[in-house]
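The lines below spell out each chain.
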Amino acid sequence: MANSTPVMEAIDQTIESKRRPPSDVITEWVSTVDHKKIGIMYIVYALIFLLIAGVEAIIMRIQLAVPNNDFVSPQVFNRMFTMHGTTMVFFVGIPVLFGYGNYLVPLMIGARDMAFPRLNAFGFWISAFGGLLLYFSFFGGDGLYGAGSAPDVGWFAYAPLTAKVFSPGNNTDYWTLGVLLSGIGTTATALNTVTTVISMRCRGMTMGRLPLFTWLMLITSSMIFVVVSPLTAAQIMLILDRYLGSHFFDTQAGGSAVLWMHFFWIFGHPEVYVLVLPAFGFVNEIIPVFSRKAAFGYPAMVAASAGIGFVSLSVWAHHMFTVGLGPAGNTFFVFSTMVISVPTGIKIFNWLGTLWGGKIIFTVPMLFCIAFLFQFLVAGLTGIMLAAAPFDWQLGNSYFVVAHFHYVLVGAIVFGLFAAFYYWYPKITGRMMSETLGKWHFWLFVIGFHLCFDFMHIPGLLGMPRRIYTYEASRGWETLNLIVSVGAIFQGVAVLILVYNLVRSYYRGEKAGRDPWDAWTLEWAVPSPPPVYNFAIDPSVNSRRPLWDLKHPEEPDSDYE
Amino acid sequence: MQTASAIPINEQGGAPWVLPSRGIIGMVCLIIAESAIFLIFVVAYIFYIGKSLTGPYPKEVLELPIFGTVCLLSSSFTIHHAVAALRKSDTRGCLLGLAGTVLLGGIFIATTAKEWYHLIYHEGLTVRTNLFGTTYYSLVGLHASHVIVGLIMLVTALGLSLAGRVREEHAERLEVLSLYWHFVDGVWVVVFTVVYILGR
């Protein structure tokens, strides 16, 4: 609290003491258009779905822990992996990242709210409704014991598996409509974010002074337009096929199943970067603060991120090497996939450059960021392996692929996300999270992660196919699968610790004050939690680290830019 | 409430800090997202040209909708005229421009409706007949639905204009609407080329 005055602290106190009756609070949250409240709702909703999808993952791992298991039926297993994948991508990944985007972007750029507050609320409610609709499917058809009529076509919903003949009933429609709604909400929020960053910046906040997280939200949101829209289009086609009897993906009438794969992966692969870029943004904000250094190579970071955004649009068919696109197609997608490792490498070296010679403070968020660096590197390396078409032909449908993408999605994105939880919790609630519980969470999760996903590569190399519900004892996969399952349970326990920590700290955490980490971006200039309109007076900035300038008037950043 | 932003307020008298209009930026974003949807439908259309297993085929049933196309494309000029007039505070010119746009857009939708009626009841082509029907109705229908949405907004603007509630300060909002309408027109050029020229 380097720059706190008694007056400011008094203001912080008054803001916190305002507690009102529950009915008022509910009305306030449901009808809110405040970007911070919507951001928090996004985060809470994503956390709930994280727990649900986590339970689904644990069910799958219990089923696969021992050979010839009959814990769940094959049908339920299919439903579990479909729902796990769909939920994690559409109802955990996107909402939580956009939740942070919603919360932080206006604060970071010195704006009072998003550009279109009501559109913001619309985006949240429509995607939350999509999630509810998807899970409503559990109550249909076969009853709860048979997991209702939850979708069972995989999160990729390959044609012709989704045709009326192969998937009768309504489960595929729940999938299509749920995902379609979440896509509309995502596009609305992305539109809002881009407009906010471009037209709501405070005085002096030039594009070259945007905090890196804001830059990455801008790039991610711009990608959403060209990434989510194709999926929306493909979903409309699928609905037409199923309800009006059209023939887009109907091979009997000359339609093409490969066309669905193209449309799906035009969304599906860039989506990984849509998720990982905000996670990069978290790391970009946290590493400099806990290294006590300005981010190394700001322009290179921005350029590399934009490069990732562009190149990621031309890599989708590496999911389809085994389909038989022919040598020309495969070669193109091998090279474009390899090229994306260049900007990614630049980012890794920039983070290392930031750490280099810094005064590193090992708080929980920083620990998560450092684990992120290692794991993201490994994930990139197996990614390059899979980008080589001949190698992919061998392992395309094996657990090696599952291990690789979980390395990215959990090892990079979820770790970045956990770092963000600990880092911004004091700003959002005004209380610190417990560091002890945080360290338990960190170590349990890291150990569980490595037990689970390091060992998962090996059954893949030994030929264990993905999406199978059980296997014979004679294949040599039993011990490995047991280790993987134990690792999954470790991660589950760690997430429960996180949730306990989040709830406990809300009531009993240490008071945070306005700037507990001695950070530099604008969100730490307002009280925690920030008042409704963020800034009583429109701020004005002179450098990339406005709070540094304020705390160190003798050596302002603006002199060096 | 004095929440005392800790950030100093300086250079207030310096160079003006001007940012782009959020309405226009938002509309441009929407147009990019919509273009991507159209792109996917266009790709599907091109991919399935000549792959129908049964008739009717486009050569047999499609006629060039020249009249509707001319109407739709000229409506870009009328909406532009409406915005330009409003900027000069000429509310009467704006009203005329809007009315012209609604009229021309309405004629376009009517010609599409007539074409569909002919195809469905006389040629027996529906969305489930063959791949041509599937891709034709979905692509042209996607465009038509955008025209209808545009017309709803234009009629609203026209109604407000008739009530005398559209004034010079609303010029920017009308410009946002006109951007959407120009986009719908531009997409029609692509759809026309793909469906009625390449597709035949």
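First, a word on scope: everything that follows refers to the structure included in this document. As the structure is a computational prediction, the values presented were derived from the model and not from experiment.

### Structural notes on the overall build of chain A
When helices and strands are counted, chain A shows 17 helices and zero strands. A compact globule built from 561 residues would reach a C-alpha radius of gyration of about 24 Å, and chain A, at 24 Å, matches this within 12%. Counting only C-alpha atoms, chain A reaches 70 × 50 × 40 Å along its principal axes. The burial tally for chain A puts 61% of its 561 residues in the buried class. When contacts within chain A are restricted to residue pairs at least 6 apart in sequence, long-range pairs at least 24 apart make up 81% of them. Summed over its atoms, the accessible surface of chain A is roughly 20,600 Å², and 71% of this surface lies on carbon and sulfur atoms.

### What about the interface of chain A and chain B?
Each partner contributes residues to the interface: chain A has 58 residues there, and chain B has 44 residues. Surface buried jointly by chain A and chain B totals about 4,100 Å² across both partners, of which 71% is contributed by carbon and sulfur atoms. When the area that chain A buries against chain B is broken down by residue, the three leading residues are A:R203, A:H247 and A:F248, summing to 15%. Seen at the junction of chain A and chain B, the total is zero salt bridges. In this structure, the connection of chain A to chain B is made through nine residue pairs in polar contact (both at pLDDT 80 or more). Every element with two or more residues in the side of chain A that touches chain B is listed here: helix 1 (6-16), helix 6 (171-199), helix 7 (212-244), helix 8 (257-291) and helix 17 (546-551) of chain A. For the side of chain A that touches chain B, the per-class residue count stands at 37 nonpolar, 17 polar and four charged.

### So, the pattern of salt bridges
Residues and elements named next belong to chain A. Taken as a whole and judged by the stated rule, the model has nine salt bridges over all chains. Between R112 and D538 there is a salt bridge, with the nearest N and O atoms lying 3.6 Å from each other. Linking R112 in the loop between helix 4 (74-108) and helix 5 (117-136) with D538 in the loop between helix 16 (478-508) and helix 17, this pair joins segments that are 426 residues apart in sequence. A salt bridge links D173 to R242, with the nearest nitrogen and oxygen atoms 2.6 Å apart. Taken together, the positions of D173 in helix 6 and R242 in helix 7 put the pair 69 residues apart, joining distant regions of the chain. R242 carries the same exposure label as D173, and that label is buried. Three or more residues joined by partner-sharing salt bridges are found here, namely R292, D515, D518 and K551.

### So, the nonpolar core
Counting residues in hydrophobic clusters, the biggest one holds 234 residues, and the most contacted among them are A:Y100, A:W260, A:F421, A:W424 and B:Y136. The element best represented in this core is helix 8 of chain A, accounting for 22 residues. Sequence-distant contacts of A:W260, that is, excluding residues within four places in its chain, are made with A:F156, A:A157, A:Y158, A:A159, A:W175, A:A234, A:L238 and A:F249.

### Brief notes about unusual backbone geometry
Look at the link from A:S528 to A:P529: it is a cis peptide, with omega at -10°. Of note, A:P529 is situated in the loop between helix 16 and helix 17. Cis rather than trans, the peptide bond between B:G55 and B:P56 has omega equal to -5°. One can find B:P56 in the loop between helix 1 (22-47) and helix 2 (58-61).

### Some points on helix 14 (residues 399-429) of chain A
Residue and element names in this part refer to chain A. A maximum bend of about 40° is found in helix 14 at Y423, where proline P426 lies one to four positions downstream. With 29 of 31 residues buried, helix 14 is to be regarded as a mostly interior element. The backbone nitrogen of F400 lies 3.1 Å from a side-chain oxygen of the residue at the head of helix 14, namely S398. Taken from the residues just after helix 14, G430 is the one with a positive phi, measuring 85°.

### Quick notes on the packing of aromatic side chains
Both the distance between ring centres and the angle between the ring planes are used here to describe each pair of aromatic rings. All names here are of chain A. Going through the model one piece at a time under the given rule, you end up with 66 aromatic pairs over all chains. For the pair F391 and F400, a centre-to-centre distance of 5.9 Å together with 70° between the ring planes defines the contact as edge-to-face. On the basis of an interplanar angle of 70° and a centroid distance of 5.6 Å, the ring pair of F415 and F449 is categorised as edge-to-face. Within this pair, whereas F415 is found in helix 14, its partner F449 is found in helix 15 (residues 435-461), the two being separated by 34 residues in sequence. By the burial criterion, F415 is buried, and F449 matches it. Lying across the ring of Y243, K164 places its NZ or CZ 5.4 Å from the centre.

### Focus: the packing of helix 12 (residues 364-387) of chain A against helix 14 of chain A
Residue and element names in this part refer to chain A. Here helix 12 crosses helix 14 at 160°, and the two axes come no closer than 8 Å. Compared by their axis directions, helix 12 and helix 14 come out roughly antiparallel. The crossing of helix 12 and helix 14 is left-handed.

### Some thoughts on a nonpolar patch on the surface
A cluster of nonpolar side chains, A:I62, A:F71, A:I489 and A:V493, forms an exposed patch at the surface whose accessible area comes to about 320 Å². Looking at where A:I62 falls in the secondary structure, it is placed in helix 3 (residues 35-65).

Reading the values: rules and limits
Sequence positions are assigned chain by chain, starting from 1 and proceeding in written order. By the order in which they are written, chains take letters starting at A while ligands take numbers starting at 1. For a predicted model such as this one, the threshold for reporting local features is a pLDDT of at least 70, and the threshold for listing and counting side-chain atom pairs is 80 or more; totals across whole chains, interfaces and linings nevertheless cover every residue. Side-chain measures were taken over the full set of non-hydrogen atoms in the model, leaving aside hydrogen atoms and water. Going along the chain from the N terminus, every DSSP run of H or I of four or more residues is numbered as a helix, and every run of E of two or more is numbered as a strand. The quantity called the radius of gyration is restricted to C-alpha atoms. Its globule counterpart is 2.2 Å times the number of residues to the power 0.38. Partly exposed describes any residue whose relative accessible area lies between the buried limit of under 20% and the exposed limit of over 50%, with all areas from a 1.4 Å probe on protein chains only and scaled to the type maximum. The contact criterion used throughout is that any non-hydrogen atoms of two residues lie within 4.5 Å. Using the Shrake-Rupley algorithm and a 1.4 Å probe, accessible areas are obtained, with residue cover drawn only from the displayed protein chains. Throughout, buried area stands for the accessible area (probe radius 1.4 Å) lost by two parts on being put together, summed over both. By definition, a salt bridge exists where a carboxyl oxygen of Asp or Glu is found within 4 Å of a side-chain nitrogen of Lys or Arg. Throughout this description, a polar contact denotes any pair of N or O atoms lying within 3.5 Å of each other; where both atoms belong to protein, one of them has to be capable of donating a hydrogen while the other can accept it, and for residues adjacent in sequence the pair is counted only when both atoms sit in side chains. Charged residues are taken to be Asp, Glu, Lys and Arg, nonpolar residues to be Ala, Val, Leu, Ile, Met, Phe, Trp, Tyr, Cys and Pro, and polar residues to be all remaining types, Gly included. Residues belong to one nonpolar core when they are buried, are Ala, Val, Leu, Ile, Met, Phe, Trp, Tyr or Cys, and are joined through side-chain atoms within 4.5 Å. The bend reported for a residue corresponds to the angle between axes fitted to the seven residues ending at that residue and the seven starting there. Working definition: rings of Phe, Tyr and Trp (its six-membered ring) pair if their centres are within 6.5 Å, and the pair is stacked with planes under 30 degrees apart, edge-to-face with planes over 60 apart, and tilted otherwise. Should the NZ of a Lys or the CZ of an Arg lie within 6 Å of a ring centre and within 35 degrees of the ring normal, that charge is described as sitting over the ring. All axes here are fitted lines through C-alpha atoms, helices being fitted over the stretch that makes contact, and every angle between N-to-C directions spans 0 to 180 degrees. Small angles under 35 degrees read as roughly parallel and large ones over 145 as roughly antiparallel, with 65 to 115 read as roughly perpendicular and the rest as oblique. Here a crossing is taken to be left-handed if its near helix is turned anticlockwise relative to the far helix by less than a right angle, and right-handed if that turn runs clockwise. Only residues above 30% relative accessible area that lack a salt bridge enter a patch, with like-charged residues linked at up to 9 Å and the nonpolar side chains Val, Leu, Ile, Met, Phe, Trp and Tyr linked at up to 5 Å.

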